[in-house]
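# Structural description and commentary
Read off the chains here:
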There are 2 protein chains.
Amino acid sequence: MMPADKPWHLQPPEYSEIEAAAVRIAAVCVETPLLESATLNQRLGARLFVKAEGLQRTGSFKLRGAFNRLSQLDAAERARGVVAYSSGNHAQAVAAAAQMIGTHAVIVMPTDAPLAKLAGTRRFGAEIVQYDRYTEDRVAITERLMQQRGLVLVPPFDDRRIIAGAGTLGCELALQLRERDMALDALLVGCGGGGLIAGCATAFAQLSPATAVMAVEPLGFDDTARSLAAGQRLTNDTGARTICDALMVSTPGEVTFEINRRLLSGAVQVSDAEVITAMRVAWDEFRLTVEPGGVVALAAVLNQRISVAGNTIGVVLTGSNIDPKAFSAMIATAGM
Amino acid sequence: MMPADKPWHLQPPEYSEIEAAAVRIAAVCVETPLLESATLNQRLGARLFVKAEGLQRTGSFKLRGAFNRLSQLDAAERARGVVAYSSGNHAQAVAAAAQMIGTHAVIVMPTDAPLAKLAGTRRFGAEIVQYDRYTEDRVAITERLMQQRGLVLVPPFDDRRIIAGAGTLGCELALQLRERDMALDALLVGCGGGGLIAGCATAFAQLSPATAVMAVEPLGFDDTARSLAAGQRLTNDTGARTICDALMVSTPGEVTFEINRRLLSGAVQVSDAEVITAMRVAWDEFRLTVEPGGVVALAAVLNQRISVAGNTIGVVLTGSNIDPKAFSAMIATAGM
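Criteria and cut-off values
Residues numbered from 1 in each chain as written. Chains lettered and ligands numbered in written order. Predicted model: local features only at pLDDT ≥ 70, side-chain atom pairs only at ≥ 80, totals over all residues. Heavy atoms only, no water. Helix = DSSP H or I, 4+ residues; strand = E, 2+ residues; numbered from the N terminus. Rg over C-alpha atoms; globule rule 2.2 N^0.38 Å. Contact = heavy atoms within 4.5 Å. Areas by Shrake-Rupley, 256 points an atom, 1.4 Å probe, with all protein chains shown as cover. Lys, Arg positive; Asp, Glu negative; His and termini not counted. Charge placed at Lys NZ, Arg CZ, Asp CG, Glu CD. Pairing = 2+ DSSP bridges. Buried area = accessible area lost by both parts, 1.4 Å probe. Salt bridge = Lys/Arg side-chain N within 4 Å of Asp/Glu carboxyl O. Nonpolar A, V, L, I, M, F, W, Y, C, P; charged D, E, K, R; others polar. Least-squares fit on C-alpha atoms with pLDDT ≥ 70 in both. Buried < 20%, exposed > 50% of the residue type's maximum accessible area, 1.4 Å probe, protein only. Polar contact = N/O pair within 3.5 Å; in protein donor to acceptor, adjacent residues only side chain to side chain.

So, about the overall build of chain A. Of regular secondary structure, chain A possesses 14 helices and ten strands. What you see for chain A is a C-alpha radius of gyration of 19 Å, in line with the 20 Å of a compact globule of 336 residues. Within chain A, contacts between residues at least 6 apart in sequence are counted, and of these 74% link residues at least 24 apart. Carbon and sulfur atoms form 50% of the exposed surface of chain A, whose accessible area is close to 12000 Å². Charge separation in chain A, taken as the distance between the mean sites of 31 positive and 34 negative side-chain charges, equals 3 Å.

Put into C-alpha cells, the structure is as follows:
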C-alpha cells in the first residue's frame, strides 16, 4: 500500500526514526509526568492515566516535532531560516526551536490566534506575518515567503520528521506505563491534522500493539472520522467553528492519513460544552491548565465516547496555551 | 550536640531513612517534573530549575511524609486510626494516605482553611473536626481525640518519619539534576514548621553538599530566620497575618530546628505582594497553578533575596491547593 514514488518526507516514518528523534530532543524537551486521580478512577470505574504534555516547553507537544526537524537542517538552510504556518502551538514550537539552534523563524499566524500564542511566539524572537483565517490562504502566503527568501518550510504535521518527533510522546508514555507494570486498553489523542496521533500510533504499534488508539476531534471538525470511514481524505464544512483553535484543520494530512488509516481503531467527537467541563475537571483534579484543543481526549472519556468501565485508558492533554482571561473565566466556575 | 535521650521519633532521620522512604512511597507518589524557562533564565541572568511539586497527588509534597508514616503503622494502630491537625495540605495527605492503606483518619482543621483544602480532605473520606485558629488550641483538641479514641497522632512536621518522607523530594531533585549534569549553587525551599527543608537539607548534605540550602518564609512568620540567628527556637507575633496559609506556623519544630540549625545557610522573607507576582509568573511561564505558600521560594529568587546572577538555583513549588475563585482573580491580571 505504501507509494514508493512519493518524496521521502511524505512517507511514514519507521519506528526507529522515533527512537532517533527521542535522542535528539532529550536535552531540550521535558519528560512530562503521567498523572492519576483516585477520584476520577472511582467515578469512571476505570484506571485513567493522564499525560500532562501541557507542561512541555512552549506549552505543547509541538516542540518535539519542531526541534526534531530543525536539528536536521544543514548549514546553508540554517543560514537562511525557516517558515511555518500555525494557529499558535506549532508557531511557538518552531520559534523556540529556531532560537535554540540559532536560526531565523518566520511564522504565518491567523489574526484571531489567542493572544497568549501570539505573545508566546514573539518572545522567542520570531518574525510574525498575520493573515485572515477565513479569507486568505496561509499556504499561498507561506509559499511566497519560501520563494522570496529561500526559507525552509516546517509543516505543522505532514512531514515524517515532524511525525517522528511527535511520536516520542508515544514512546515516553509507553515506557512510563511499563514502569508501572500497566498496559492501556485504549489511548485517546486529540486530532487536528493527525500528526501527534500518527506518531503515537506508530510508537504503540511497536511497544504496545494490543492498545486501541483512537482519535478525538471537535464536533464539526470530524474530517478524520469521516475520512477513516470513507477510506479517503475528506474535508470539513468551511462554516464550522469550535473553541478548540488548535484543532481547526480542514482535512487530514497526506502522510498522517496514510498512517492513521492503517493504525487507528476509530475516531470520536466532543462538543465545546464537553470541552469546557473537561478543562474544569483537569484543573479540579490535577491543577492542570489545559487549552480547549488540548483536553478533547479527556472530554471523550468523561462523556463515555468509548467503553470506559473496567478498562485502563490513557489520554494525552496536549497543550496549555490559553489566554489568562479566558482561563480565569473558566476556573471561576470550577466545581469544588 | 544530638541529645541521645530524646524519644526516637524526635531525633533527626539518617540519610538512609530517606532512601527507605523513597522505596515505600514509590508506588503512590508522582515523580514531579523539573522545569526551566528560557525567559526566566534570561531575565535573571541565571539558570533556574523549578520543581513542580504541586503536581504531587493531593496537590502538595505532604503526601510523601504522610504515606511514609502511615505505611509504618502496626496492625493494632491501623485498626484504631490516625489523627492530624493541619491548615489543609497535611490534612489532605493524611486523609489520602489513610484511604490508601485502609485506616480511619480524623483531621483537626481551622475554620478559615481554604475551601479547596476542606473539600479535598473530605473527599478522601476523612472525618473533619473544625476549630478557630485564633482562639482555640489545636494541640489540646488533638490530644483529647487521641485519649478518647486511641488514635495515632501524625504530626505535620516534627517526626523523623515525616521529615524522611519529605526528604524524598530532595533525593528526587538531586537525581534529576544529576541526569542533566547540573549542580545547584543554592536550593530555596518554603518553610513553615521546617519539615520539608529539613528533609531536603539532609538529602542534599549527602548528595550535593556544596549546595547552599536556604529557607524562605512569609514576612511576619520569620521564626526560623530569627531562631537560626539566636541559636534557639523563637516564636512569631500572634497578630501576624499572611496569604500563605500553608506556612502560618508559630515556631520551628523541635526536630526540624535541630536539623535546620546545622544544615541551612540562612533564611529570607517575602511579602504577600511578592507572592502574588510570583504566582502570576509561575502561571505565565509554566502554566502551573501554585498556592501562595507554595510559591515563596520563587518569589525570593525573583526579588533577588539571594545572589542570583551567574548562579544555578533550584526552587521547590510545594503546593497547588487554592480555591478556584482566588486563583481565577489572580490569573485574570496575569501579565501576558
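Turning next to unusual backbone geometry. Positive phi is not limited to glycine here, since A:Arg287 has a value of about 55°. Position of A:Arg287 relative to the elements: it lies in the loop between helix H12 (272–286) and helix H13 (296–302).

Right, let's talk about the sheet that holds strand S5 (residues 127–131) of chain B for a bit. Residue and element names in this part refer to chain B. Taking strand neighbours across the sheet as the criterion, the four strands line up as S5-S4-S3-S6 in an open arrangement whose pairing is parallel. Sheet topology places S5 and strand S6 (152–153) at the edges, where each strand pairs with a single neighbour. By the bridge criterion, four bridges tie strand S3 (residues 82–85) to strand S4 (residues 105–110) in an arrangement that is parallel. Note on S4: the bridge partner recorded for Tyr-85 is Val-108.

In this section: the interface of chain A and chain B. Contacts between the two partners involve 32 residues from chain A and, on the opposite side, 32 residues from chain B. In this assembly, chain A packs against chain B so that about 2500 Å² is buried in total across both faces, 59% of it on carbon and sulfur atoms. Inspection of the chain A/chain B interface yields two salt bridges. The salt bridge partner of B:Glu285 is A:Arg123, with a shortest N-O separation of 3.2 Å. When grouped by side-chain class, the residues that make up the side of chain A that touches chain B number 18 nonpolar, five polar and nine charged.

On to the environment of A:Ala332. Counting through the fold element by element, A:Ala332 comes out in helix H14 (residues 324–332). Taking the C-alpha atoms as reference points, A:Ala332 and A:Arg280, separated by 52 residues in sequence, lie 9.4 Å from one another. Aside from chain neighbours lying at most four places away, what touches A:Ala332 is B:Lys325 and B:Ser328.

The subject of this paragraph is the relation of the copies chain A and chain B. For these two chains of identical sequence, chain A goes onto chain B by a turn of 180° and a shift of 0.0 Å along the axis, with RMSD 0.0 Å. Put plainly, the chains are arranged around a two-fold axis. Within chain A, the C-alpha atom positioned nearest to the axis of rotation is that of A:Ser328, 2.2 Å from it. When the interface residues of chain A are mapped onto chain B, 100% of them are again interface residues, pointing to one common binding face.

Once that is clear, we can look at the side chain of A:Thr168. Residue and element names in this part refer to chain A. Note that Thr-168 resides in helix H8 (residues 160–179). Overall, the relative accessible area of 3% leaves Thr-168 in the buried class. A polar side-chain atom of Thr-168 sits 2.6 Å from the main-chain carbonyl oxygen of Gly-165. Contact partners of Thr-168, with chain neighbours within four places excluded, come to Ile-18, Ala-21, Ala-22, Ile-25 and Arg-64.

With that settled, consider the environment of A:Gly314. With respect to the helices and strands, A:Gly314 occurs in strand S10 (residues 312–317). Setting aside its immediate chain neighbours within four residues, A:Gly314 contacts A:Phe49, A:Leu184, A:Ala186, A:Leu187 and A:Leu188.

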